Amino acid sequence: MSRRPFRVGRARTGLGLFATKPIRKNARIVEYKGPLLTGKAAQKAENGGNRYLYEINKRWTIDGAGRDNVARYGNHSCNPNADSYNVKKRVFIRAIKNIKPGDEIVYDYGIDYLKNVIGKSNCQCSRCRKRRNKRAAELRLKRQRKEARLKRERSAKRAAARKSSKKSAKRKA
Ligand SMILES: [Zn+2]
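Keep in mind that what you see is a predicted model, and the values were worked out from it rather than measured. Every chain is numbered independently, its residues counted from 1 as its sequence is written. Side-chain atom pairs in this predicted model are given and counted only at pLDDT of 80 or more, local residue features only at pLDDT of at least 70, and totals for whole chains, interfaces and linings cover all residues. Excluding hydrogens and water, the side-chain values take into account all heavy atoms of the structure.

1. Section: the side chain of Asn69
Thinking step 1. The secondary structure listing takes helices from DSSP runs of H or I that are at least 4 residues long and strands from runs of E that are at least 2 residues long, numbered from the N terminus. Mapped onto the elements of the fold, Asn69 is located in the loop between strand S6 (60–63) and strand S7 (75–76).
Thinking step 2. A distance of 2.8 Å separates a polar side-chain atom of Asn69 from the backbone nitrogen of Lys33.
Thinking step 3. Setting aside residues up to four positions removed in sequence, Asn69 forms contacts with Glu31, Tyr32, Lys33 and Gly64. Polar contact is defined as a pair of N or O atoms within 3.5 Å, subject to the rule that within protein one atom must be able to donate a hydrogen and the other to accept it, and that residues adjacent in sequence are counted only when both atoms are side-chain atoms. The contact criterion used throughout is that any non-hydrogen atoms of two residues lie within 4.5 Å.

In structure tokens:
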């Protein structure tokens, strides 16, 4: 039996953390664990493609790439239900809302990560997907309206052409 109130499971963007028990707002969920790197070593790790670096401050960064760091499976969201905070050189994830079993536990990685790693227009969080879907639906509707208008205009033109050809046929008779 795990004491953790969550499990690692399949999420939209790979793996994610999912609540298995109700988690109350402000409750500590998990520690973001890993060796501490100094600024220089962190830069080197980043250049090497390490995507699990958590910068505590200018001096210290946690290398969270280890598989025993389950917190690393927590995905980013622009509408998070958790956030990270540090106590000296340790980092924890806590709930910022009441979280229901089955909910994915997500936190905001910060604007730098969103811009540089995820790419602002690639964010797969539920808020961004909803926003993009809404925008796509609006564009679809706009296109449909335009097509309907063109169709009306075309058939009106055809009707007018038929009318005038009838008239000229009459005149000829
Ligand atoms: Zn997002």
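2. As for the domain arrangement of the protein
Thinking step 1. Where each domain begins and ends follows an automated or database-derived domain assignment. Under the domain assignment used here, the protein contains domain 1 (6–119) and domain 2 (125–173).
Thinking step 2. Opposite the five residues of domain 1 that make contact, domain 2 presents four residues.
Thinking step 3. When domain 1 packs against domain 2, close to 410 Å² is buried across both sides, 54% of that on carbon and sulfur atoms.
Thinking step 4. By convention, the term buried area covers the 1.4 Å-probe accessible surface removed from two parts as they join, with the contributions of both added. Contact with domain 2 buries area across many residues of domain 1, yet Arg12, Cys78 and Asn79 alone supply 83% of it, more than any other trio.
Thinking step 5. Salt bridge, as applied in this entry: a Lys or Arg side-chain nitrogen positioned within 4 Å of an Asp or Glu carboxyl oxygen. Between the two partners, domain 1 and domain 2, sit zero salt bridges.
Thinking step 6. Linking domain 1 with domain 2 are two residue pairs in polar contact (both at pLDDT 80 or more), by the criterion used here.
Thinking step 7. Partitioned by chemical class, the residues of the side of domain 1 that touches domain 2 number one nonpolar, three polar and one charged. Note on residue classes: Ala, Val, Leu, Ile, Met, Phe, Trp, Tyr, Cys and Pro are nonpolar, Asp, Glu, Lys and Arg are charged, and everything else, Gly too, is polar.

3. What about the sheet that holds S6?
Thinking step 1. Taken together, the three strands give an open sheet; going across it, the order is S4-S6-S5, and neighbouring strands pair in antiparallel fashion. In this open sheet, the two strands that pair with only one neighbour each are strand S4 (36–38) and strand S5 (53–55). Neighbouring strand axes in the sheet, compared pairwise and without regard to direction, differ in orientation by 35° on average.
Thinking step 2. As judged from the three bridges shared by S5 and S6, these two strands associate in the antiparallel manner. Residue pairing for S6: Leu53 is matched across the bridge by Asp63.
Thinking step 3. Simply put, an axis is a line fit to the C-alpha atoms, just over the touching stretch for a helix, and the angle between two N-to-C directions goes from 0 to 180 degrees. Strands in contact with helix H1 (residues 39–47) are S4, S5 and S6; relative to S4, the strand with the most contacts, it is inclined by about 100°. The pairing criterion for strands is at least two bridges between them, as found by DSSP.

4. Points about the coordination of the zinc ion
Thinking step 1. Water is not among the atoms examined, so metal sites may look incomplete; donors are the N, O and S atoms within 2.8 Å of the metal, or within 3.2 Å for Na, K and Ca. Donor atoms from the polypeptide that coordinate the zinc ion comprise Cys78 (SG), Cys123 (SG), Cys125 (SG) and Cys128 (SG), at 2.3 to 2.4 Å from the metal.
Thinking step 2. Given four donor atoms and angles of 106 to 114° at the metal, the environment of the zinc ion is assigned as tetrahedral.
Thinking step 3. Counting along the primary sequence, the residues that act as donors to the zinc ion give the motif C-x44-C-x1-C-x2-C. In terms of burial, Cys123 and Cys128 fall into one category: buried. All geometry calls rest on donor angles, where a four-donor set with angles between 85 and 135 degrees is tetrahedral, four- and six-donor sets with opposite donors more than 155 degrees apart and all others between 65 and 115 are square planar and octahedral, and all else is irregular. Only protein chains enter the accessibility calculation, which uses a 1.4 Å probe; a residue whose area is less than 20% of its type maximum is buried, one above 50% is exposed, and one in between is partly exposed.

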